[in-house]
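Examining the three-dimensional arrangement
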Amino acid sequence: MCGIVGIVGQAPVNQSLYDALLVLQHRGQDAAGIVTCEGGKLHLRKDNGLARDVFQTKHMLRLRGNMGVGHVRYPTAGASSSAEAQPFYVNSPHGIVLAHNGNLTNAEELKRDLIVEDLRHLNTESDSEILLNILAHELQIQGRLRIDEQDIFRAVAGVHRRCRGGYAAVAMIPGFGVFAFRDPHGIRPLVYGRRETPEGAEYMIASESVALDTSGFDLVSDVAPGETVLITLDGQLHTRQCAANPVLSPCIFEFVYFARPDSIIDNISVHKARSRMGKKLAAKIKREWPNHDIDVVIPIPDTSRTAALQLANQLGVHYAEGFIKNRYIGRTFIMPGQKVRKRSVRQKLNAIDLEFRRKNVLLVDDSIVRGTTSQQIIQMARDAGANRVYFASAAPPVRFPNVYGIDMPAASELIAHGRTEDEVARELGTDRLIFQDLEDLIDAVQKKGKSHVDRFDTSVFDGQYVTGDVTPEYLQALEDRRNDGAKEQRAARSESILDLHNSN
Ligand SMILES: O=P(O)(O)OC[C@H]1O[C@H](OP(=O)(O)OP(=O)(O)O)[C@H](O)[C@@H]1O
Ligand SMILES: NC(=O)CC[C@H](N)C(=O)O
Ligand SMILES: [Mg+2]
């Protein structure tokens, strides 16, 4: 997953872009970048690392201009080298900058077409560079010296015709404006908001509404699937549906894990969705295990807290924070490589023994993916003196790869792949394991049928991919290319940067 942001302001936007990236950091910890536009000139700073490390005062001072685009990266294609940090830039036509969240499923085919037919050069293995070049080509064939909003809408329509997969993107053209588009299934989230200033209105487009909140922008709307939202330099907003058959099917895993709880995605509060997941899980426990002997419910910080608290309330069981999280360690799931993920769980979480000693504990997590966290946490609970250690997951077992922007490329690395729930329980070493049912998860996110979203991408749970183009051969090739071993080998090769002048 990645976080993206774009702003058209009435004053310098560097600080607001930086602030937005800080609150979107949970979506990507590998690299960060900002491009601003000052008159006809673009200023770039991007590198590997967290936003707070990538942007020093000297960089911020150079990021001048009243519009700009920012990105925090969690790689799902190519390598994690700084050459693939975003935003990407392409010189022709007009100079385009782009930041992308998601993953294209027909990247290989597009790459071939770009090189052989569109005569374009690609310098990295990133699918985002492909997306940018498709956009550039579709704009180029409009053949206009002075572009207007119709040219942009036609170019994005071309992107939708050619690209498959998940893509929420923000782009910028010097002297023109910032525009954003969401794929025809709306798989990845994207919102925009408005802020009034004495000089006039300013707009921000971002992956999550929390970025708008913290910079004082009022949420206007989600970008609809297939829609383009364009803000010209003079502050005019234009929107247009650019896809032939848009069908909103957002990724349900955003609600389970990715998004911040204080965000609202497609009109659904992530916090409330997680609370309802806790309620549903409690109902399942009451139904299937009426005589349970749970003494205490303990969440695995951070993401599971909301669901765990509700679960405890519904069961009428004591809730305790038995694990303390080191606030200086980031999210472990989105770290690159299994070795660092494993080490980080232990550095990140430590048990308070007295909450465990001689008790039957129910540990609650939002999801079990590779099992890295749960396996270690169950052992830690035993070491802390727990009598029995039960485990509940607010999501169903993750059994299938994700192809739309979450780096779960290899089925063989998923602990529940090809295993029954009992086998997973044995593998994790828990005395009892309870998974949420998929219908209950959907119901929880859908506000019990009250939401306008009537379909989600639930592929990691049921193997049904909403774009309809994901074949077993594609999944096999993805697994071969991006399993942990292959990624390690790729990381060892250094890549060259061909880009705008990058401040250092
Ligand atoms: O089964 P696994 O492969 O371990 O993945 C699942 C775990 O990873 C995530 O936590 P993470 O530490 O990334 O972030 P959090 O602090 O937001 O919970 C998620 O919340 C689970 O705890
Ligand atoms: N997680 C994402 O959204 C990744 C975006 C893009 N596919 C990349 O690897 O940089
Ligand atoms: Mg977690």
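Residues numbered from 1 in each chain as written. Chains lettered and ligands numbered in written order. Predicted model: local features only at pLDDT ≥ 70, side-chain atom pairs only at ≥ 80, totals over all residues. Heavy atoms only, no water.

What about the overall build of the chain?
Each helix and strand in the chain was counted, giving 17 helices and 22 strands. Its C-alpha atoms give the chain a radius of gyration of 23 Å, near enough to 23 Å, the size a compact globule of 504 residues would have. Dimensions of the chain, computed from the C-alpha atoms along their principal axes, are close to 75 × 50 × 45 Å. By the burial criterion, 63% of the 504 residues in the chain qualify as buried. Look at the contacts in the chain between residues 6 or more apart in sequence, and 71% of them connect residues 24 or more apart. For the chain, the computed accessible surface area is about 19,400 Å², with 46% contributed by carbon and sulfur atoms. (Helix = DSSP H or I, 4+ residues; strand = E, 2+ residues; numbered from the N terminus. Rg over C-alpha atoms; globule rule 2.2 N^0.38 Å. Buried < 20%, exposed > 50% of the residue type's maximum accessible area, 1.4 Å probe, protein only. Contact = heavy atoms within 4.5 Å. Areas by Shrake-Rupley, 256 points an atom, 1.4 Å probe, with all protein chains shown as cover.)

Quick notes on the site of ligand 1
Taken together, 17 residues form the shell around ligand 1, and within it Y257, T303, D365, D366 and T373 come nearest. Take F333: an N or O atom from its main chain is 2.8 Å from an oxygen atom of ligand 1. In isolation ligand 1 exposes 500 Å². Once the protein is present, 97% of that is buried. In terms of residue class, the shell around ligand 1 is built from 5 nonpolar, 6 polar and 6 charged. (Near = heavy atom within 4 Å. Polar contact = N/O pair within 3.5 Å; in protein donor to acceptor, adjacent residues only side chain to side chain. Nonpolar A, V, L, I, M, F, W, Y, C, P; charged D, E, K, R; others polar.)

Observations concerning the side chain of S128
Relative to the elements of secondary structure, S128 occurs in helix α5 (residues 127-140). By relative accessible area, which is 3% here, S128 ends up buried. In this structure the side chain of S128 is engaged in a polar contact, spanning 2.8 Å, whose partner is the side chain of Q86. Polar side-chain contacts of S128 include one of 2.8 Å to the side chain of H100. Once residues within four sequence positions are removed from consideration, S128 is found in contact with Q86, F88, L98 and H100.

Digging into the sheet that holds strand β2 (residues 31-38)
Spatially, 7 strands are ordered β3-β2-β4-β1-β10-β9-β11 in an open sheet, and the strand pairing comes out antiparallel. Lying at the two open borders of the sheet, with one neighbouring strand each, are β3 (41-48) and β11 (218-222). Geometrically, the sheet is characterised by an average inter-axis angle of 15 degrees between neighbouring strands, direction not taken into account. Bridge analysis of strand β9 (residues 191-197) against strand β10 (residues 200-206) gives 7 bridges, and the strand direction is antiparallel. Each bridged residue has a counterpart across the sheet, and for E196 the counterpart in β10 is A201. (Pairing = 2+ DSSP bridges. Axes fitted to C-alpha atoms, helices over the stretch in contact; angles between N-to-C directions.)

Comments concerning the site of ligand 2
Looking at ligand 2, there are 15 residues lining it, with M1, R73, N101, G102 and D127 nearest. A distance of 2.8 Å separates a nitrogen atom of ligand 2 from a polar backbone atom of Y74. D127 has a polar side-chain atom sitting 2.6 Å from a nitrogen atom of ligand 2. Bound to the protein, ligand 2 loses 100% of the 300 Å² it would expose on its own.

Points about the UniProt feature "active site" (unreviewed entry) in the chain
Mapped onto the present numbering, the UniProt feature "active site" (unreviewed entry) falls on C2. The topology assignment puts C2 in the segment before β1 (3-8). Every residue in contact with C2, bar those within four places of it in the chain, is listed here: R27, H71, V72, R73, Y74, H100, N101 and S207. (UniProt positions renumbered as here; feature names shortened; annotations may be inferred.)

Considerations on helix α13 (residues 421-428)
Think of an α-helix as turning once every 3.6 residues; residues three or four places apart then point the same way. Within the sequence span of α13, burial applies to V424, A425 and L428. On an axial view of α13, the arc spanned by its buried residues comes to 100 degrees, and they lie on one face. Residues of α13 that are exposed and point more than 90 degrees away from the buried face comprise D422 and R426. Against the buried residues of α13 lie α12 (372-383) and β22 (432-435). (Arc of directions from axis to C-beta.)

A closer look at the environment of V398
As for its position among the elements, V398 is in the loop between β21 (388-393) and α13. Residues V398 and F461, spaced 63 residues apart in sequence, show a C-alpha to C-alpha distance of 5.0 Å. Here V398 is in contact with F253, I368, V369, M408, L414, A416, H417, V460 and F461, once residues within four sequence places are set aside.

Quick notes on the confidence of the model for the chain
This prediction gives the chain a mean pLDDT of 95; 98% of its residues lie at or above 70. For this predicted complex, the interface confidence comes out at an ipTM of 0.98, alongside a pTM of 0.96. (pLDDT = per-residue confidence, 0-100.)

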